[in-house]
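The chain contents come next:
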Amino acid sequence: MANVESSDFPFDIVPEMAALKIVGCDMPVEMGGKGMNAIDAGACMYELARGDASIATFYLLHHSLGQFTLMKLA
């Protein structure tokens, strides 16, 4: 919660999130995702938001504006 009070984003955990392979969890396996359904992906998002809303927002924007757009349009 220290980053909430100081309004700093914990950029040091981004590589740790990548190591967990949770980013893009509902993307198809052949595109590098986990292939989870929407319910499981939502549960992952819920757990991130439970820890820190800024991390959940980062995850959501990375997925919806980045990965999902590329998956659908590229």
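Further up the page is the structure itself.
Reading guide: rules and limits
- Residues numbered from 1 in each chain as written.
- Predicted model: local features only at pLDDT ≥ 70, side-chain atom pairs only at ≥ 80, totals over all residues.
- Heavy atoms only, no water.
- Core = buried A, V, L, I, M, F, W, Y, C linked by side-chain atoms within 4.5 Å.
- Buried < 20%, exposed > 50% of the residue type's maximum accessible area, 1.4 Å probe, protein only.
- Helix = DSSP H or I, 4+ residues; strand = E, 2+ residues; numbered from the N terminus.
- Contact = heavy atoms within 4.5 Å.
- Phe/Tyr/Trp six-rings, centres within 6.5 Å; stacked < 30°, edge-to-face > 60°.
- Salt bridge = Lys/Arg side-chain N within 4 Å of Asp/Glu carboxyl O.

Caption draft 1: Representation of the nonpolar core. If you look at the biggest cluster of nonpolar residues, it comprises ten residues: Met17, Ile22, Cys25, Ala41, Cys44, Met45, Leu48, Ile55, Ala56 and Tyr59. Every element with two or more residues in this core is listed here: helix 3 (38-51) and helix 4 (53-73). At four residues, the largest contribution of residues to this core is made by helix 3. In contact with Ala56, not counting residues within four places along its chain, are Met45, Leu48 and Ala49.

Caption draft 2: Geometry of the packing of aromatic side chains. Per the counting criterion, the structure on display carries two aromatic pairs. Geometrically, the ring pair formed by Phe9 and Phe11 is edge-to-face, given 4.7 Å between the ring centres and 65° between the ring planes. Joined through ring pairs, the aromatic side chains of Phe9, Phe11 and Phe58 make up one cluster.

Caption draft 3: Here's a closer look at the environment of Val29. Of note, Val29 is situated in the loop between helix 2 (14-20) and helix 3. Put simply, Val29 and Leu48 are 19 residues apart on the chain and 22 Å apart in space, counted from C-alpha to C-alpha. Among all residues touching Val29, those that are not within four sequence positions of it are Lys34 and Gly35.

Caption draft 4: Highlighting the pattern of salt bridges. Enumeration over the complete set of coordinates arrives at one salt bridge. For Arg50, the salt bridge identified is with Glu47, shortest N-O distance 2.9 Å. In this pair, Arg50 and Glu47 both sit in helix 3, three residues apart, roughly one turn of the helix.

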